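So you can see what is in the structure, the chains are spelled out below.
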Amino acid sequence: MSVPEISFKPLYNGAFFILCMVRLKSMKISPDVRLMVAIPTMGSINTNLVARLLKWKHAIPAHQLHFYFAINVAPVDRARNQIVDVFLNTKTPDGFPLTHLLMIDSDTIPEDDAIERLLSHGKPVVSGLTPIINFDEKTKQWETFDNCFVEVVTDENGEKRTNIPERHTGLHKIIRCGGSCLLIHRKVFNVLTKPYFRFDYNEDATVHKRSEDIYFCDKVREAGFDIFADSDVTCAHEKKIVI
């Protein structure tokens, strides 16, 4: 299946790009792995992520690594479902089905060794940590935290609180995560039913209740799979604002 063309913004961090290429080396992944790296995008990709993709392209054998860009497909649950469809229906040049899908958001930059680390665990679903920004309606303050959640607990005031893995503390079993740097084994989709990703709203479709990646995580656990997060795979999350 052909991969659609995509245009990248002309401005980029030249130092970051050069560093990526200087540090170029072969990656140690199993010869049985056939990986698709897929990115949902509304037409642009962070240029530091582009540098990372180029690094991986030169470090991983061509028959083991494939790219797909879901361009201008909205909303994002539709883009993610399209990505899964392409993943399941694509074969490598040597005739093998793809084994793993790594979804990366277009504004997320994983570290050099993210692919090696995530694959090394042999888990059906494993995520890296990506910081996100959220507005707390109760405190009226902006807050940042990583998008992987270990458990929900109730504090002494009866308030529900979600615990988040501490960075650089190894592999954690989690209950939910975002889809910004998410590795999924093919066998998961062989068990799940469509849609794999979906936004949930209230009956009037006026209030957002559950995001598409959280819906996926809930569905994965209901199917009997565990979800993990590697707290040593930390991603940069570059957000732009207009002042």
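Residues numbered from 1 in each chain as written. Predicted model: local features only at pLDDT ≥ 70, side-chain atom pairs only at ≥ 80, totals over all residues. Heavy atoms only, no water.

Draft legend 1. Highlighting the overall build of the protein chain. Secondary structure assignment for the protein chain yields six helices and 17 strands. Split into buried and exposed, the 243 residues of the protein chain put 46% on the buried side. In the protein chain, 74% of the contacts between residues at least 6 apart in sequence involve partners at least 24 apart. Summing over all exposed atoms, the protein chain offers an accessible surface of approximately 13,100 Å²; the carbon and sulfur share of this is 53%. (Helix = DSSP H or I, 4+ residues; strand = E, 2+ residues; numbered from the N terminus. Buried < 20%, exposed > 50% of the residue type's maximum accessible area, 1.4 Å probe, protein only. Contact = heavy atoms within 4.5 Å. Areas by Shrake-Rupley, 256 points an atom, 1.4 Å probe, with all protein chains shown as cover.)

Draft legend 2. Examining the pairing of strand 7 (residues 141-146) more closely. Both strand 6 (residues 131-136) and strand 7 contribute to a ladder of six bridges, which runs antiparallel. By the bridge assignment for strand 7, I132 is matched with F145. Where strand 6 folds back on strand 7, the antiparallel hairpin that results is connected by four residues, among which K140 adopts a positive phi of roughly 60°. (Pairing = 2+ DSSP bridges.)

Draft legend 3. The pattern of salt bridges, seen in detail. Inspection of the entire model under this criterion finds 14 salt bridges. With its nearest N and O atoms 3.3 Å apart, the salt bridge here joins R198 to D200. A salt bridge links R210 to D200, with the shortest nitrogen-to-oxygen separation between them at 2.5 Å. Pair noted here: R210 is in strand 15 (residues 208-210) and D200 is in strand 14 (residues 200-201), with a separation of 10 residues, a long-range link. By sharing partners, the salt bridges in this structure join R176, R198, D200, R210, D218 and R221 into a single network. (Salt bridge = Lys/Arg side-chain N within 4 Å of Asp/Glu carboxyl O.)

Draft legend 4. Quick peek at the side chain of R34. On the secondary structure map, R34 appears in the loop between helix 1 (14-22) and strand 1 (35-41). A distance of 2.7 Å separates a polar side-chain atom of R34 from the backbone oxygen of P31. (Polar contact = N/O pair within 3.5 Å; in protein donor to acceptor, adjacent residues only side chain to side chain.)

Draft legend 5. Representation of the packing of aromatic side chains in the model. Considering all chains together, one arrives at six aromatic pairs under this definition. Ring-pair connections join several aromatic residues into one group, and the members of that group are F87, F189, Y196, F197 and F216. Lying over the aromatic face of F96, R34 brings its terminal NZ or CZ to 5.1 Å of the ring centre. (Phe/Tyr/Trp six-rings, centres within 6.5 Å; stacked < 30°, edge-to-face > 60°. Lys NZ or Arg CZ within 6 Å of the ring centre and 35° of its normal.)

Draft legend 6. Representation of helix 6 (residues 212-222) in the model. Counting buried positions over the 11 residues of helix 6 gives nine, a clear majority of the element. Taken as a whole, helix 6 has its buried residues at E212, D213, I214, Y215, F216, C217, D218, K219 and V220. Looking one or two places after helix 6, you find G224, whose phi comes out positive at around 100°.

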